[in-house]
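A structural walkthrough
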Amino acid sequence: MHAEASLPISAPQKASWNALTGIPAFAARHARDVISVLLLLVLLAPVAWLIQMAFRPAADALELNFQFTPTLDAFKALWQDAFARSFGNSLLVSSLSTGLSMLIGVPAAYALSRWKFRQRSHVALWILCTRMAPPIAFTIPFFLAFRWLGMLDTVWALVIVYLTFNLAIVTWMMQGFFDAIPTALEEAAWLDGCGIWSAFWHVTLPLTRPGLVATAVLCFIFSWSDFFFALILTRTQAVTAPVAIVNFLQYDGWEWTKIAAAGTLVMLPVLIFTALVRKYLVHGLTAGGVKD
Amino acid sequence: MPPAATAALPSIQALPTSGGMVPSRTTPAPKLTKQWQRESARSYGLGLAPALVVLGGITLLPLLTLITVSLTPLSLTNPEGTFHFNQPLGNYAQLLEDERFVHSLWVQFKLSTVGVVLQLLIGLSLALLLNTGSRVASGVRTLFLIPMVLPPIVVALIWKILYTPEISPMHALLEHWGLPVRSLIANPDTALWAIVAADVWQWFPFTMLMVLANLQMVPRDPLDAARIDGANRWQVFRYIVFPFLQRTLVVCALFRLIDSFKAFPLLYVLTNGGPGTVTEVTNFYGFIQAFNFSYWGYGSAIAVVMLVIIFALCALVSYLGRNAGERHAR
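Quick caveat, the model's predicted, so the values are computed rather than measured. Residue positions are counted from 1 within each chain, in the order its sequence is given. Written order decides the labels, with chains lettered from A and ligands numbered from 1. Thresholds applied to this predicted model are a pLDDT of at least 70 for local features of residues and 80 or more for the giving and counting of side-chain atom pairs; totals over whole chains, interfaces and linings are not thresholded and use all residues. Side-chain descriptors were evaluated using all non-hydrogen atoms of the structure, hydrogens and water having been removed beforehand.

**What about the side chain of Thr-164 of chain B?**
- In this description a helix means any DSSP run of H or I spanning at least four residues, a strand means any run of E spanning at least two, and both kinds are numbered starting from the N terminus. Structurally, Thr-164 of chain B is set in the loop between α6 (152-163) and α7 (169-176).
- Only 2.5 Å separates the side chain of Thr-164 of chain B from the backbone oxygen of Lys-160 of chain B, close enough to count as a polar contact.
- Two residues form a contact once any of their heavy atoms are found within 4.5 Å. If sequence neighbours within four positions are ignored, Thr-164 of chain B has contacts with Trp-256 of chain A together with His-171 of chain B. We call two N or O atoms a polar contact when they sit within 3.5 Å, provided that within protein one can donate a hydrogen and the other can accept it, with sequence-adjacent residues counted only if both atoms are side-chain atoms.

**A short note on the interface of chain A and chain B**
- On the chain B side, the residues contacting the 95 residues of chain A number 101 residues.
- A buried area of about 8800 Å², summed over both sides, lies between chain A and chain B, and 80% of it is on carbon and sulfur atoms.
- By convention in these notes, a salt bridge is any Lys or Arg side-chain nitrogen within 4 Å of a carboxyl oxygen on Asp or Glu. Summed over the shared surface of chain A and chain B, the result is zero salt bridges.
- Where chain A packs against chain B, one counts five residue pairs in polar contact (both at pLDDT 80 or more).
- Broken down by element, the residue count for the side of chain A that touches chain B peaks at 16 residues, all from helix α3 (residues 25-54) of chain A. Two parts placed together each lose some accessible area under a 1.4 Å probe, and the buried area is that loss summed for both.

**Some details on the packing of aromatic side chains**
- The aromatic pairing rule takes the rings of Phe, Tyr and Trp, using the six-membered ring of Trp, and pairs them if the centres are within 6.5 Å, calling planes under 30 degrees apart stacked, those over 60 edge-to-face and the rest tilted. Counted under the stated rule, the structure contains 39 aromatic pairs over all chains.
- Here Phe-237 of chain B and Phe-242 of chain B contribute two aromatic rings whose centre-to-centre distance is 5.9 Å and whose plane-to-plane angle is 55°, an arrangement assigned as tilted.
- Each residue is placed in one exposure class: buried if its accessible area under a 1.4 Å probe, protein chains only, is under 20% of its type's maximum, exposed if it is over 50%, and partly exposed if it falls in between. Judged by its relative accessible area of 17%, Phe-237 of chain B falls in the buried class.
- Among the aromatic side chains, those forming a connected cluster through ring pairs are Phe-143, Tyr-162, Phe-165, Phe-227, Phe-228 and Phe-229 of chain A together with Phe-264, Tyr-268, Phe-284, Phe-287, Phe-291 and Trp-296 of chain B.
- Note on criteria: charge over ring means Lys NZ or Arg CZ within 6 Å of the ring centre, with the direction from the centre no more than 35 degrees off the ring normal. Sitting over the face of the ring of Tyr-239 of chain B, Arg-238 of chain B holds its NZ or CZ atom 5.1 Å from the ring centroid.

**A closer look at the environment of Ala-48 of chain A**
All names here are of chain A.
- With respect to the helices and strands, the residue Ala-48 is situated in helix α3.
- With a relative accessible area of 43%, Ala-48 lands in the partly exposed category.
- A C-alpha to C-alpha distance of 37 Å links Ala-48 and Ile-127, two positions 79 residues apart in sequence.

**Considerations on unusual backbone geometry**
Residue and element names in this part refer to chain B.
- For the peptide bond that leads from Gly-274 to Pro-275, omega is -10°, which places it in the cis range.
- Within the secondary structure layout, Pro-275 lies in the loop between α11 (265-270) and α12 (282-292).
- In the Ramachandran plot, Ser-294 falls in the positive-phi region, its phi being about 60° despite a non-glycine side chain.
- Examined against the element boundaries, Ser-294 turns out to sit in the loop between α12 and α13 (296-329).
- When its relative accessible area of 11% is taken as the criterion, Ser-294 is described as buried.

Shown next, in the form of structure tokens:
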């Protein structure tokens, strides 16, 4: 440290500073690239292993080599199975819940973004808290209520329960997108005689289209990924794909290729969608530490 | 010299905001403004109302139900227990004597602390590794987030395969190197740490993401100055970058801590709380009491205790978050 500190290095001579630390800058950068790619491969190897298992012939499932002819048998078997139905349930529940939470959450987010009323921060905090609460705290009351209403094992029960986290995601994310849009355009529309909501509909909403898409996609992913609520609130009729996978693990005598194929199918939409909204992913995932 | 370091910091206060509903100078008459304000408040209220009503219905109502149920002995075997408040605190008193509950808190503590610390360390190291301008790093960055976006059940499935010796490539490799290991999740000594490993694999990207975002806001000037003064990489990190990241790391840790209370799919699929009760965390114990044994009153009491702990942590997050905001604004 002290030896270096006495050396007269000025900003334009940064290259020579890098040389002093031992490794020239470009070599250091390449070393880091190589290390990060290697780490990435190790990190994702388990995922790749699951996917390749899905394409094995059932007889080869337990082999630990790559010498097999890929087949779609496992996927075909799933298609003829009850799994197709649970996959459909997942699609239905996730779309309905996403649609409903956008319908209710987007106007709320706009109001929270533009309307500076006194209790605003309290409302925002309350919404964030719903995101933090442990699911078990919701499931017991919801289970008892749905049992009483005869709604256990229905698609609608899940649609309603998923609102608990989707509404929070929509209001938090969309509020951010609305905040980023200058109010001048709306004000012009107001002066031209537009009402607040018609200005919102004709001026603001079209400007936030990418934000709307990203938010909807994240809602879809979170509903799609839920396991806990679906496990407790469904039995046979409304079972979603994640729960169906666990049923395979428990009852189907460990048909690993089928299990792997089901897992691949469940992660596929998530991977496609996250690739689509990559730019907004960070925004959504860190909004109040959203997860599940 | 570039402008002062503080100018590079995005600050919420510095963003242009239009304070009122209407541009104050150009409005025709103050009377109209008043009326417009009243009208706008009404229509904003209309937009907010459905969300508040629905949120009230799906959060406050269940919360009240949960607390009410936790004061009763409601269970499948005791359906009349619904409005039975003879011993309102009976469930809570029982919790204190329930060794399995106390044990579950201890398991939760081990799982949470070790998991969070590892996630912070790995997330921070990877963020520092990937924080270069190179095209490879920026391309690879999003791929590192994959474990975090995968459905939890798929993550559980992946690790179930890795921890099942007959089909696991990991076990095959170990055997190949002459290190045969029996199933990690069936061994009481290793089961919890096997879960922690899977949890860390899934969630270190969260820390990585937050730290990376924060690293991009580190002001350039102190860095350059330190380098000119001859500080080495470690010194630059220790005395300039790390203090800047400190708050983010704390908030990150708390977020992950709160989320660690919800770990469920991994436990359910990998160990089901076993062997014995070695991996049974509080959340899982509550689930078993409520849905395996149908002791809804008792399960609710466990959920209430967890809620209290989590909201205390939440309060801490918002307190630290606010402080962090003030520090950055300065």
